[in-house]
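The lines below spell out each chain.
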Amino acid sequence: IDYDKVVRGVVAKIGFDSYVDDLSSVDSKGLSDKTCEVLVRINKQSPDIAGGVHVGKEDLDIGAGDQGIMFGYASDETED
């Protein structure tokens, strides 16, 4: 999967296609699909976790392992 392409495509599709580094700009939407930074931090599961979660276990005894999702967006558009 080309995560960078997918993320940029969604950012553009939802309308974030203009970023101008000028707070007085009326054209800036605060984020641009062309210039945003996309960080992908998906790695293989640790063998230690795999051994404790599912290796050698029955289907009904399988745990969740190290699953997790994090998404962030920062903005300075509010007073707080």
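Our subject is the structure that appears above.
Calculation notes
Residues numbered from 1 in each chain as written. Predicted model: local features only at pLDDT ≥ 70, side-chain atom pairs only at ≥ 80, totals over all residues. Heavy atoms only, no water. Helix = DSSP H or I, 4+ residues; strand = E, 2+ residues; numbered from the N terminus. Buried < 20%, exposed > 50% of the residue type's maximum accessible area, 1.4 Å probe, protein only. Polar contact = N/O pair within 3.5 Å; in protein donor to acceptor, adjacent residues only side chain to side chain. Contact = heavy atoms within 4.5 Å.

Honestly, the side chain of Asp33 in this entry has me stumped. Any pointers?
By the element assignment, Asp33 lies in the loop between β2 (31–32) and α2 (47–53). Residue class for Asp33 comes out buried when judged on its relative accessible area of 13%. Polar contacts involving the side chain of Asp33 include one to the side chain of Lys34, which spans 3.4 Å. Each residue touching Asp33, except ones within four places of it in the same chain, is listed here: Arg8, Val11, Ala12, Phe16 and Asp17.

When you look at the environment of Ala12 in this model, what are you seeing that I'm missing?
Summarising the element assignment, Ala12 is placed in helix α1 (residues 3–13). Accessibility expressed as a relative area gives 31% for Ala12, which makes it partly exposed. In this structure the C-alpha to C-alpha distance between Ala12 and Ser32, which are 20 residues apart in sequence, comes to 7.3 Å.

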